[in-house]
Amino acid sequence: MEILERLAGASRIGLGLAAVGRPAYINLGRAADLPTERSVGALRTRAHELLDQAYASGVRYFDVARSYGRAEEFLAQWLQARPDAGDVVVGSKWGYTYTAGWRMDAEVNEAKDHSVATFDRQLGETRALLGDRLALYQIHSVTPESPALRDAALHSRLAALAAQGVVVGLSTSGPAQAEAIRAALGVQVGGQPLFRSVQATWNLLEPSAGPALAEAHDAGCMVIVKEALANGRLADQPGDAVSLAAALHQPWATIVLSGAATAGQLTSNLRAEQITAGWPDDLAVPAGQYWQERSRLPWS
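None of the values given here were measured: they were computed from a predicted structure. (Residues numbered from 1 in each chain as written. Predicted model: local features only at pLDDT ≥ 70, side-chain atom pairs only at ≥ 80, totals over all residues. Heavy atoms only, no water.)

> Residues and numbers for the sheet that holds strand β1 (residues 13-16), please.
Note: strands within a sheet are paired through backbone hydrogen bonds, in either parallel or antiparallel orientation. Taken in spatial order, the eight strands close into a barrel running β1-β2-β3-β6-β7-β10-β11-β12, and their pairing is parallel. Direction aside, neighbouring strands of the sheet carry axes that sit 25 degrees apart on average. In this sheet, strand β6 (residues 134-142) lies alongside strand β3 (residues 89-94) in parallel orientation, the contact comprising five bridges. Note that in β6 the partner of Val 90 across the bridge is Leu 134. (Pairing = 2+ DSSP bridges. Helix = DSSP H or I, 4+ residues; strand = E, 2+ residues; numbered from the N terminus. Axes fitted to C-alpha atoms, helices over the stretch in contact; angles between N-to-C directions.)

Set out below in C-alpha cells:
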C-alpha cells in the first residue's frame, strides 16, 4: 500500500489534533494543558507549535476529523506555510459533525450520522481545506450497529474515492470494537475489500480489540491505535511513554497516535519509541466497564 511506503522510515508515532482543534474535549487535565483563553487564534497557535515540533522529531502522520472543531483548518494552514513538509501523510475522518460552536458549555458537542448525504457533504468540506493532501479518509466511530457496514450506496461512494487514490478506512469505538472490525473486513466492492485501514482504541485498560486488529493487519490493513493513554487515565500510572510503548510493541500496530496538547507532553510521548519493555500486564478491565467510565468523562 502506497501510504505505508510513504511512512517507511518515519516515526511510528502520529500526532492527532483532537485535543487542540476545539476548546472542549474529554481528556483529563485540560485546564492545566491549554491557554486560559481558548480562542481560535490561541488554539491555532498551539496546534501549529505542536505540528512544528512533531515534524522536526520525525513524525509524518497527522490525524484530524470533521468533528475536531477546526483541526482540519489548522492542519491545512500549517501545510500551506510549510512547503518543505511534502512528505506528511494526512488522515481525516467523517461521520460526526461538530455542533458546539466553539463553546465550552455546549449541551451537545458532536452529532453522528453515517449517511451518504453526510459523506458527500463532509468529503467536500474536507477537500476544500486539505485538497489532494488527504491520503486517508475514515468513517468515524463505527459500531456493529452502524448502517455504514451495510449501506451499498455508501460503499459505492467510498470505492469511488479509493479509486482516486485515497485509502478508505474506519475508526471504531465502544465495547464491541472487535465485532465492528471483523464486520468491516468482510465488506467488499467488486470482489475487493473496501476498508484498508482501521483506527481503534487499544490501551492497557482496554485491550479487547487486539485480536481483531491482528486480523486486520494480516488482511493487509493499516492499523492505527488511538487513545493509548485512555484519555489521560494512564498518563500518571504507568506513565505516558510506557503506555504508548505498550501499544507500539503490538506487532499489528502501524501507527500509535499521540494526543499531546503541550510541547512537554509531545516530548515525553516520543520517548516511547526507546522503551522496549516494562509495562504492566494486569491493568485491563472489562470492555463494558471501560466504555461506561469513558462515557462519564466531562467535556472540559
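> Describe the environment of Thr 97, with residues and values.
As for its position among the elements, Thr 97 is in strand β4 (residues 96-98). Using a relative accessible area of 24% as the deciding quantity, one classes Thr 97 as partly exposed. Measuring from C-alpha to C-alpha, the distance between Thr 97 and Glu 110 comes to 5.3 Å, with 13 residues separating the pair along the chain. A polar side-chain atom of Thr 97 sits 3.3 Å from a polar atom in the side chain of Gln 122. (Buried < 20%, exposed > 50% of the residue type's maximum accessible area, 1.4 Å probe, protein only. Polar contact = N/O pair within 3.5 Å; in protein donor to acceptor, adjacent residues only side chain to side chain.)

> Lay out the pattern of salt bridges with the relevant residues and their values.
This structure, assessed with the given rule, holds 15 salt bridges. In this structure, Glu 110 engages Arg 22 in a salt bridge whose closest nitrogen and oxygen atoms are separated by 3.6 Å. Residue Glu 110 is located in strand β5 (residues 110-112), and its partner Arg 22 is located in the loop between β1 and α2 (30-33); the two are separated by 88 residues in the primary sequence. Residue classification places Arg 22 among the buried positions, given a relative accessible area of 1%. When the shortest N-O distance is used, the salt bridge between Arg 103 and Asp 105 registers 3.0 Å. Taking the relative accessible area as the measure of exposure, Arg 103 reaches 44% and is therefore partly exposed. According to the relative accessible area criterion, Asp 105 is exposed, its value standing at 55%. Members of the salt-bridge network, linked through shared partners, are Arg 66, Glu 72, Arg 121 and Glu 125. (Salt bridge = Lys/Arg side-chain N within 4 Å of Asp/Glu carboxyl O.)

> I'd like a description of the pairing of β6, backed by residues and values.
For β6, the tally of buried residues reaches nine of nine residues, placing the bulk of the element in the interior. Taken together, the five bridges between β6 and strand β7 (residues 167-172) define a ladder with parallel strand orientation. Note on β7: the bridge partner recorded for Leu 136 is Val 167. In this region the chain leaves β6, passes through helix α6 (residues 152-163) and returns to the parallel neighbour β7; the handedness of that crossover is right-handed. (Right-handed = clockwise from strand over helix to strand, strands pointing away.)

> How would you summarise the environment of Tyr 98 if you had to cite specific residues and measurements?
Mapped onto the secondary structure, Tyr 98 falls in strand β4. Spatially, the C-alpha atom of Tyr 98 lies 5.9 Å from that of Gly 69, the residues being 29 residues apart in sequence. In this structure Tyr 98 touches Arg 22, Pro 23, Arg 66, Ser 67, Gly 69, Arg 103, Asn 109 and Glu 110, once residues within four positions along its chain are discounted. Within the local environment of Tyr 98, its side chain forms a polar contact with the backbone nitrogen of Trp 102, the two atoms lying 3.2 Å apart. (Contact = heavy atoms within 4.5 Å.)

> So what about helix α9 (residues 235-248)? Which residues, and what values?
Here α9 spans only 16 Å end to end across 14 residues, well under the 20 Å set by a 1.5 Å rise per residue. Across the 14 residues of α9, ten count as buried, placing the element largely inside the fold. When we look at burial in α9, the residues that qualify are Gly 239, Asp 240, Ala 241, Val 242, Ser 243, Leu 244, Ala 245, Ala 246, Ala 247 and Leu 248. At its buried positions, α9 is contacted by β1, β11 (222-226), β12 (255-258) and α10 (263-270). (Expected span 1.5 Å × (residues − 1).)

> Run through the side chain of Ser 67, naming residues and quoting values.
Structurally, Ser 67 is set in the loop between β2 (61-63) and α4 (71-81). For Ser 67, a relative accessible area of 0% puts it in the buried group. For Ser 67, the contacting residues outside a window of four places in its chain are Arg 22, Tyr 96, Thr 97, Tyr 98, Glu 110 and His 140.

> Explain the packing of helix α3 (residues 40-56) against α4 to me, using residue names and the numbers behind them.
Where α3 meets α4, the closest approach of the two axes is 10 Å, and the angle between their N-to-C directions is 55 degrees. With respect to α4, the element α3 is oriented oblique. Seen from above, α3 lies across α4 with right-handed handedness. Residues Val 40, Leu 43, Arg 44, Ala 47, His 48, Leu 51, Asp 52 and Tyr 55 of α3 touch α4, and the partners they reach there are Glu 73, Phe 74, Leu 75, Gln 77 and Trp 78. By residue class, the composition of the contact of α3 with α4 is eight nonpolar, two polar and three charged. (Parallel < 35°, antiparallel > 145°, perpendicular 65-115°, else oblique. Left-handed = near helix turned anticlockwise from the far one by under 90°. Nonpolar A, V, L, I, M, F, W, Y, C, P; charged D, E, K, R; others polar.)

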